[in-house]
Amino acid sequence: MGWFWGSSSSKDADGSSDPLSHLDPALRDFLLKESPLKPPSPPPPPPPSSKPTPTTPETTETPTRDPRTINSSYGDRYADIWAQYTPQGLTQASKSSQEQLADILQAYKYRKSLIARAALENCVGEQSALHECYRHGSFAQKARGCGGEKGRLQDCYTTQTKFLQAMGYMSDFARSAEVDERIQMHADKLYQEQVRQDELAEEEKRAERAARERRKS
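The following paragraphs examine the structure supplied in this document.

About the cut-offs
Throughout, a residue's number is its position along its own chain's written sequence, starting from 1. Under the rules for a predicted model, residues below a pLDDT of 70 receive no local features and side-chain atom pairs below 80 are neither given nor counted, while totals for whole chains, interfaces and linings still include all residues. Only hydrogens and water are removed before side-chain values are computed, so all heavy atoms of the structure are retained for them. Here the aromatic set is Phe, Tyr and Trp, taking the six-membered ring for Trp, and pairing holds for ring centres within 6.5 Å; pairs whose planes are under 30 degrees apart are stacked, those over 60 apart are edge-to-face, and all others are tilted. Helix and strand definitions here come from DSSP, where helices need a minimum of 4 consecutive H or I residues and strands a minimum of 2 consecutive E residues; each element is numbered from the N-terminal end. Throughout, exposure labels follow a simple rule: accessible area from a 1.4 Å probe, protein chains only, divided by the maximum for the residue type, with under 20% read as buried, over 50% as exposed, and the rest as partly exposed. Fitted lines through C-alpha atoms serve as axes, helices being fitted only where they are in contact, and the angles separating the N-to-C directions of these axes extend from 0 to 180 degrees. What sets the label is the angle itself: under 35 degrees gives roughly parallel, over 145 gives roughly antiparallel, 65 to 115 gives roughly perpendicular, and the rest give oblique. Here a crossing is called left-handed whenever its near helix is offset anticlockwise from the far helix by less than a right angle, and right-handed whenever the offset is clockwise. Only heavy atoms matter for contacts: two residues are in contact if any of them lie within 4.5 Å across the pair. Any residue that is not Ala, Val, Leu, Ile, Met, Phe, Trp, Tyr, Cys, Pro, Asp, Glu, Lys or Arg is counted as polar, Gly included; the first ten are nonpolar and the last four charged.

Moving on: the packing of aromatic side chains. Evaluated as defined, the whole model comprises one aromatic pair. Taking 5.8 Å as the distance between ring centres and 75° as the angle between the ring planes, the aromatic pair formed by Tyr-110 and Phe-173 counts as edge-to-face. One end of the pair, Tyr-110, is in helix α6 (residues 97-122); the other, Phe-173, is in the loop between α9 (147-166) and α10 (177-216), and 63 residues separate them in sequence. Tyr-110 sits in the partly exposed class, given a relative accessible area of 45%.

See the structure below:
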């Protein structure tokens, strides 16, 4: 597992704070693309300055306010509560590379489960057809294990999953939920169009076969 998680000694050697820096390049690119949680970007280095630092006259130190309470309309009234709050950026910065990588993997798995759920929601018609076949299907359908309905449900689920993933469904947890709802609806629309095109193509093939049979006879 050393190749996957990296090691603290290698991190100390190159000074990198990227939790994905020690992964295989293909795996790193995949996680950067598919996981909604990205590794924190390192701060840009300060520009070099050739000017001498100006000296400032000594001033009497004044007590400074906690930066976490500056934007609060209550001032320092609830300073004891603010003292227990840690901004998310500081929380991420305090995590080790392995902890950040674990968070990225967890976010990827969570997004994958959301994509699967959305795909099943879009395939509710195919699910209903399969359940109807199990309950009230003909003897021939049940003898085949409702294979036709199973195949259509599997095709719907697989295709919808690919569409949702390609269009970035749930790839950014910070954006509005309406964006992902539109993506889900568009994925279903694309699949329904594909089904209609496949049906038309199948009808054309049947018509061609029938025409050949008539010519032979």
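With that settled, the discussion passes to the packing of α9 against α10. The relative placement of two packed helices comes down to the angle between their axes together with the axis-to-axis distance. Direction vectors running N to C along α9 and α10 enclose 130°, while the axes themselves pass 9 Å from each other. Taken as axis vectors, α9 and α10 run oblique relative to one another. As α9 runs across α10, the sense of the crossing is right-handed. Across from Arg-152, Asp-155, Cys-156, Thr-159, Gln-160, Phe-163 and Leu-164 in α9, the residues of α10 making contact are Ile-183, Gln-184, Ala-187, Asp-188, Leu-190, Tyr-191 and Gln-194. Residue composition of the contact of α9 with α10, grouped by class: seven nonpolar, four polar and three charged.

By themselves, these figures tell us nothing about what the structure is for.
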